[in-house]
Amino acid sequence: MISVAEAIQIVRQHTPTLSTERVQLQDALGRVLAEDVVADSDLPPFDRSQMDGYAVRAEDAKSVPARVRIVGESAAGRGWHHQLEEGQAVRIMTGAPVPEGADSVQQVELTTELKDGTVVELQESVETGKSIVKRGAEIQAGVTVLSAGTIVNAAMMAVLAAFGYATVAVHRKPRVAVLATGTELVPVDQKPGQDQIRDSNNYSISSYSQLAGATVERMPLTGDETSLLKSQISTAAQSCDVIVTSGGVSMGVYDVTKAALKELGAELFFERIALRPGKPTVFARLPNGTLVFGLPGNPVSVAVTFNLFARTALLTMQGATDPALKRETAALARSVKGTTDRESYLPAQLTTNDDGELIAFPLKWGGSSDFVAFALTTALAIVPAGMKSVEAGSLVNVLRLP
Ligand code: AMP
Ligand code: MG
């Protein structure tokens, strides 16, 4: 058995980076940047007012109340481009450029307009620089604001737009084929007969794959027939970068996934991990280079092993700088049991307490088949191998689930 960390390392080693393409900005959400994003202008591009008020010279408001003459107006998109002289003020709006000669903006609440709006009285003095964001104070032109390998989120879309990235270089989306094994399975639109259950894994695997930026092709159910499984894997390998199977990797008579892979000439990189749930997870590569993740059948094992290993591969393919789930530390809300020879990844809900500390509530669950309880899970709490139990209040590593 290898450790989870070793298995993740092996996945990263054997996963190639996919080619790049340019997409329209509106299609960039969730994609991984294949180029550094560089500011093409200063931000703000001019000295910008943070307030509605009057652009003035601080000098002119030294002794208050002070009266200054209103000589113009600067609005966002329509500035006042003259030199402000001694004793003058310009009416200014939030986001508007501050005129040359003005060194501060006094907010409108601390002023009164007099004489039909030709004079403003400043009730309070004003510090030099008040309510002005200087040109380039936020970002200077030429600075790299997002690095290649970053997954684009909604906030980053604004950054890309602000610097004129109408198209963005990203890595191609991995194509994933999803393939469930198991004689007991029927499709979702059928009522299970005697000894049957509906296939649910294909839906969770497809969804997790999409969350990891992949496109998905769902293959028909294969039962536990080695020959059918082999032909489905071969078909999928023609068009996909990654195949994710579920079921059929344990030690039972009908666990035929590994046999099918070997008969197809696949190289198996690992097949047993010191992990609970998910010990029999398989990682292999077909002769044509298609990667295969053979996940165990239990729906909870599927969720855990997909997110530890297959997700890491999908993000590595897209050139992500941090392809593995982020590790954080949380205090356990109640004690949990570990196991001697394997690391445990226990379903938990993350919250923060009043002091802002992360708390993990391990869910009561009925084992790796309890996918209804798992649906409320937001994170996995990690109990190291060899620990019989971990007490409430102890700090553990947690992984937030996508
Ligand atoms: P296996 O790994 O094939 O031994 O399957 C372990 C357990 O997971 C069995 O109870 C299966 O019925 C269940 N299982 C396998 N595949 C699926 C699936 N696609 N959807 C739901 N449950 C499954
Ligand atoms: Mg099975």
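Details of the structure are given in the entry above.
Now for a quick tour of the structure.

So, how was this worked out
- Per chain, residues are indexed from 1 in the order of the written sequence.
- Following the order in which they are written, the chains are lettered starting with A and the ligands numbered starting with 1.
- Local features in a predicted model are, by the rule used here, given only for residues with pLDDT of at least 70; side-chain atom pairs are given and counted only at 80 or more, and totals for whole chains, interfaces and linings are based on all residues.
- Derived side-chain values reflect all non-hydrogen atoms in the structure, with water molecules and hydrogen atoms excluded from consideration.
- Throughout, nonpolar core names a set of buried Ala, Val, Leu, Ile, Met, Phe, Trp, Tyr and Cys residues whose side chains join them through atoms within 4.5 Å.
- Burial classes: relative accessible area under 20% of the type maximum marks a residue as buried, over 50% as exposed, and values in between as partly exposed (1.4 Å probe, protein chains only).
- Counting from the N terminus, the helices are the DSSP runs of H or I reaching at least four residues and the strands are the DSSP runs of E reaching at least two.
- Residue ranges for the domains originate in an automatic or database domain assignment.
- By definition in these notes, contact holds between two residues if any of their heavy atoms fall within 4.5 Å.
- Each axis is a line fitted through C-alpha atoms, taken for helices only over the stretch in contact, and angles between the N-to-C directions span 0 to 180 degrees.
- Angles below 35 degrees are treated as roughly parallel, those above 145 as roughly antiparallel, those between 65 and 115 as roughly perpendicular, and all remaining angles as oblique.
- Less than a right angle of anticlockwise turn of the near helix away from the far helix marks a crossing as left-handed, whereas a clockwise turn marks it as right-handed.
- Each residue is assigned to one class: nonpolar for Ala, Val, Leu, Ile, Met, Phe, Trp, Tyr, Cys and Pro, charged for Asp, Glu, Lys and Arg, and polar for all the others, Gly among them.
- Aromatic contacts are taken between Phe, Tyr and Trp rings whose centres are within 6.5 Å, Trp giving its six-membered ring; a plane angle under 30 degrees counts as stacked, one over 60 as edge-to-face, and the others as tilted.

In this section: the nonpolar core. Core analysis: the biggest nonpolar cluster contains 40 residues, and Phe293, Phe309 and Tyr345 have the highest contact counts within it. Put simply, the parts of the chain that give this core at least two residues each are helix H1 (4–13), strand E13 (175–180), helix H3 (201–211), strand E17 (242–246), strand E18 (267–270), strand E21 (291–295), helix H6 (299–317) and strand E26 (379–383). Ranked by residues supplied to this core, first place goes to H6 with eleven residues. Three or more residues apiece are contributed to this core by two domains, here domain 1 (4–19 + 172–317) and domain 4 (327–400). Sequence-distant contacts of Phe309, defined by excluding residues within four places in its chain, comprise Val4, Ala7, Ile8, Val11, Phe270, Ile273, Leu275, Thr281 and Phe293. By size, the runner-up hydrophobic cluster in this structure holds 18 residues, among which are Cys240, Ile243, Ala266 and Leu286.

Let us now look at the packing of H1 against H6. Viewed as axis vectors pointing N to C, H1 and H6 meet at an angle of 30 degrees, and their least axial separation amounts to 9 Å. Taken together, the axes of H1 and H6 are roughly parallel relative to one another. In the crossing of H1 with H6, the sense of the turn from one axis to the other is right-handed. Between H1 and H6, the contacting residues are Val4, Ala7, Ile8, Val11 and Arg12 on the first element and Leu308, Phe309, Thr312, Ala313 and Thr316 on the second. Residues that form the contact of H1 with H6 fall into these classes: seven nonpolar, two polar and one charged.

Right, let's get into the side chain of Thr111. Mapped onto the secondary structure, Thr111 falls in strand E8 (residues 111–114). You can call Thr111 buried: its relative accessible area is 12%. Residue contacts for Thr111: discarding those within four places in its chain leaves Tyr54, Gln106, Val120, Glu121, Leu122 and Gln123.

Here we come to the packing of aromatic side chains. As enumerated under the stated definition, the model contains five aromatic pairs in all. Ring centres 5.9 Å apart and planes at 20 degrees place the aromatic pair Tyr208 and Phe306 in the stacked group. Of the two residues, Tyr208 sits in helix H3 while Phe306 sits in helix H6, which places them 98 residues apart along the sequence. Like Phe306, Tyr208 is buried. An aromatic cluster is defined as three or more aromatic residues linked by ring pairs; in this entry it consists of Phe269, Phe270, Phe283, Phe293 and Phe309.

No statement about biological role is implied by the geometric values presented.
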